[in-house]
Amino acid sequence: MASSGSGYDLSASTFSPDGRIFQVEYASKAVNNAGTALGLKCRNGVVLCVEKPLLNKMLLPNSNRRIHTVDTHSGIAITGFVSDGRQIVNRAREECSNYEETYGTKVPPTVLGDRLAAYVHYFTLHGSLRPFGATALLASYDTETKEHCLQMIEPSGVSYKYFGCAAGKGRQPAKTELEKLDINKPDRGENIDVREGVKQLARIIHLLHEEGKDKPFELEMSWLCEESGWEHKGVPRDLIKEAVEWAKKDIAEAEESESEEDDDDDDDEEMNE
Amino acid sequence: MSYMNQSQPNTHQPYANAYQHDGKSAETRNLKPGELSTGTTIMAIPFENGVVLGADSRVSTGTYVANRVSDKVAQLHDRIWCCRSGSAADTQALTDYVRHYLSQLAIETGRAPTVKTAAHLMRRLCYENKDNLMAGVIVGGWDPVEKGSVYNIPLGGTCIKMPFAIGGSGSTYIYGLVDSLYKEGMGEEEAKQLVKKSISHAMARDGSSGGVIRTVVVKEDGNTREYIPGNELPFGP
């Protein structure tokens, strides 16, 4: 790792001589130790996905959720400390409920993202509090402008809007894979649709997962799209199953063939060894 | 022996909790002494691409007309207006609060608030403070989501989106007239004429309504204020 804190890393309210707040950086490192979370803004919706390593054989399947609905039109995927993530989700739910009670409409994505970012940021200002060790991926739909939106709120309290974002252990290779997808074309109509997005995210997760090294995992996916009536819902299980089957097949085919576009995959395999 | 001396009085005793009106109107009884009332006629009708809001201009304290040319149509935001009726002080305070909250919201969200939001804010204030307020408000305006829309917020703090809304003390006299003349899908001119005609009729019969008619036409590209002096009303005093 880079320079040690040497005394400047004991409190979130202390700057280091080179202008860093180490506690916030350490919080990000905590997130990087956890399962990968991916978000994708497709042409007609947003898809969220989290890789849940199964730490215990006794865990009940499909419990211990990482993706939470905060309002009909918004959902959050958490990675990092799950308990810290819970706090962020609860706050998001309060914000949504409060906004609707005051203003009579669903909270716009930008406002919700900004408020969550401000909340997370608050914990980086005080010596008596520690920053959140969790990143939240927020998928949201604006009921007035009819646009969908993907944002990521990091432990430092920044929140940006993304076409595709990744957090957690496999974020570096995941970002490389995400960049290859058609999600940022100048003509928005050419971007992939949600069903394709579901398949691609499943593929990326499986690509990053190494059989021998990493623990077995559960895949949690949710979407917010036309098909779901612009409500945040879990992707139907049969669709996930389909996507995983396709993903495994696609990866196997890519490994076998020597075509140009698979060189990237092969390189990844080599680097990981 | 004392009971024989008791005589039944001949006069009818009112019940302890009888409704004492003392000859005063409901409004006068609810206002504080000397408080100004916008006993009023207000109206709003949406048409294809906007809304027409209209009101009379009389402000009274009891029988004295404190202001015969007041402006009861207040602006809440660029394309959102409201008509005020009831206590002048209460409605002015409400309008100021809602204007403030809407402007802050516009900055936070980065876009123009919707009429629904404005109506919702107004309703929350009216409902939460219903014991201390006497205000009947009609919120109308144009927004990109619903285009022209009108919300009626009467005394208790209900909020109903309506195809057209009338309010104030004078409105009771023109329910029949408006019901018979209103048609769906009216254009701007028709809606304006209906507003002017209806308010004139109300002003003719309601002692608390009078003066001039003020109208505001709200559309996507702008607001147009108009006023009809008392001697040019479609229907005479």
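A brief look at the structure comes next. (Residues numbered from 1 in each chain as written. Chains lettered and ligands numbered in written order. Predicted model: local features only at pLDDT ≥ 70, side-chain atom pairs only at ≥ 80, totals over all residues. Heavy atoms only, no water.)

**A few points about the overall build of chain B**
In terms of helices and strands, chain B carries six helices and 13 strands. Looking at chain B as a whole, 47% of its 237 residues qualify as buried. Carbon and sulfur atoms form 50% of the exposed surface of chain B, whose accessible area is close to 12500 Å². (Helix = DSSP H or I, 4+ residues; strand = E, 2+ residues; numbered from the N terminus. Buried < 20%, exposed > 50% of the residue type's maximum accessible area, 1.4 Å probe, protein only. Areas by Shrake-Rupley, 256 points an atom, 1.4 Å probe, with all protein chains shown as cover.)

**Comments concerning the interface of chain B and chain A**
At the junction of the two partners, chain B supplies eleven residues and chain A supplies 13 residues. For the pairing of chain B and chain A, the buried interface totals around 1200 Å² over both sides, and the portion due to carbon and sulfur atoms is 49%. Of all residues in chain B, the largest losses of buried area upon contact with chain A belong to B:Glu108, B:Arg111 and B:Arg124, amounting jointly to 41% of the total for that side. Taken together, the links from chain B to chain A amount to four salt bridges. Secondary structure elements with two or more residues in the side of chain B that touches chain A: α3 (88-109) and α4 (115-128) of chain B. When residues of the side of chain B that touches chain A are assigned to their parent elements, the largest contribution, five residues, is made by α4(B). (Contact = heavy atoms within 4.5 Å. Buried area = accessible area lost by both parts, 1.4 Å probe. Salt bridge = Lys/Arg side-chain N within 4 Å of Asp/Glu carboxyl O.)

**Side note on α3(B)**
All names here are of chain B. Look at α3: 31 Å from first C-alpha to last across 22 residues, which is about the 32 Å you get at 1.5 Å a residue. For α3, the complete set of buried residues consists of Ala-88, Asp-90, Thr-91, Leu-94, Thr-95, Val-98, Leu-102, Leu-105, Ala-106 and Thr-109. All buried residues of α3 project into a common sector of 145° when viewed along the axis, lining one side. Gly-110 sits one or two residues past α3 and shows a positive phi near 80°. (Expected span 1.5 Å × (residues − 1). Arc of directions from axis to C-beta.)

**Brief notes about the pairing of strand β4 (residues 74-80) of chain A**
Each regular strand carries side chains that alternate between the two faces of the sheet. Residues and elements named next belong to chain A. Most of β4 sits out of view: seven of its seven residues are buried. Bridging between strand β3 (residues 67-71) and β4 involves four bridges; their strand directions are antiparallel. From the neighbouring strand, Thr-69 faces β4, where its bridge partner is Gly-75. Turn length for the β3-β4 hairpin, with the two strands adjacent in sequence and antiparallel, is two residues. As defined by bridge partners, β4 adjoins strand β5 (residues 134-142) across seven bridges and the pair is classed as antiparallel. (Pairing = 2+ DSSP bridges.)

**As for the nonpolar core**
Ranked by size, the top nonpolar core spans 42 residues in total, and within it A:Ile76, B:Leu76, B:Met122 and B:Val139 carry the most contacts. Of the residues forming this core, the biggest block, seven residues, is contributed by α4(B). In this structure B:Leu76 touches B:Trp81, B:Cys82, B:Thr95, B:Val98, B:Arg99, B:Leu102, B:Ala118, B:Met122 and B:Val139, once residues within four positions along its chain are discounted. Core analysis: the next-biggest nonpolar cluster, separate from the first, contains 31 residues, A:Leu40, A:Cys49, A:Ile240 and A:Ala247 among them. (Core = buried A, V, L, I, M, F, W, Y, C linked by side-chain atoms within 4.5 Å.)

**Observations concerning empty space enclosed by the protein**
Under the defined criterion, the tally for this structure stands at one cavity of 30 Å³ or more. Reported here for the largest cavity is a volume of approximately 70 Å³. Looking at the largest cavity, the residues that line it are A:Tyr99, A:Thr105, A:Pro108, A:Glu144, B:Leu105, B:Thr109, B:Arg111, B:Ala112, B:Pro113, B:Thr114 and B:Thr117. For the lining of the largest cavity, the class distribution of residues is five nonpolar, four polar and two charged. (1 Å grid on protein atoms, 1.4 Å probe; cavity = no way out; pocket = protein on both sides within 12 Å on 5 of 7 lines; lining within 4 Å. Points joined across faces, edges and corners; volume = space filled by probe spheres on them. Nonpolar A, V, L, I, M, F, W, Y, C, P; charged D, E, K, R; others polar.)

**Describing the pattern of salt bridges**
Applying the stated criterion across every chain yields a total of 30 salt bridges over all chains. The partner of A:Glu196 in a salt bridge is A:Lys199, with the nearest N and O atoms 3.9 Å apart. Taken together, the residues A:Glu196 and A:Lys199, both in helix α5 (residues 194-208) and three residues apart, mark about one turn of the helix. Given a relative accessible area of 24%, A:Glu196 falls into the partly exposed group. According to the relative accessible area criterion, A:Lys199 is partly exposed, its value standing at 26%. For B:Arg124, the salt bridge goes to B:Glu128, with nearest N and O atoms at 3.6 Å. With B:Arg124 and B:Glu128 both in helix α4 and four residues apart, the pair spans about one turn of that helix. Taken together, the shared-partner salt bridges connect A:Lys52, A:Arg65, A:Glu218 and A:Glu220 into one network.

**Considerations on the side chain of A:Ser74**
Residue and element names in this part refer to chain A. Note that Ser-74 resides in strand β4. A polar side-chain atom of Ser-74 sits 2.9 Å from a polar atom in the side chain of Ser-140. Once you skip the residues sitting within four places of it in the chain, Ser-74 turns out to touch Thr-69, Leu-112, Leu-138, Ala-139, Ser-140 and His-232. (Polar contact = N/O pair within 3.5 Å; in protein donor to acceptor, adjacent residues only side chain to side chain.)

**Thoughts on the packing of aromatic side chains**
All names here are of chain A. The tally for this structure, following the rule as stated, stands at ten aromatic pairs over all chains. On the numbers, 6.0 Å between centres and 35° between planes, the contact of Phe-22 with Tyr-26 is tilted. You can see Phe-22 and its partner Tyr-26 sitting in helix α1 (residues 22-32), four residues apart, about one turn around the helix. With a relative accessible area of 27%, Tyr-26 lands in the partly exposed category. A ring pair is formed by Tyr-141 and Trp-230, whose centres lie 4.4 Å apart and whose planes are at 5°; its orientation type is stacked. (Phe/Tyr/Trp six-rings, centres within 6.5 Å; stacked < 30°, edge-to-face > 60°.)

**Notes on the sheet that holds strand β9 (residues 217-225) of chain A**
Residues and elements named next belong to chain A. Across the sheet, which stays open at both edges, the five strands sit in the order β8-β1-β2-β9-β10 with antiparallel pairing between neighbours. Two strands bound the open sheet, and with one partner strand each, they are β8 (164-167) and β10 (233-234). Relative to β8, helix α4 (residues 171-180) is tilted by about 165°, and along the sheet it contacts β1 (37-42) and β8. The strands touched by α5 are β1, β2 (45-53) and β9; relative to β9, the strand with the most contacts, the crossing angle is about 155°. (Axes fitted to C-alpha atoms, helices over the stretch in contact; angles between N-to-C directions.)

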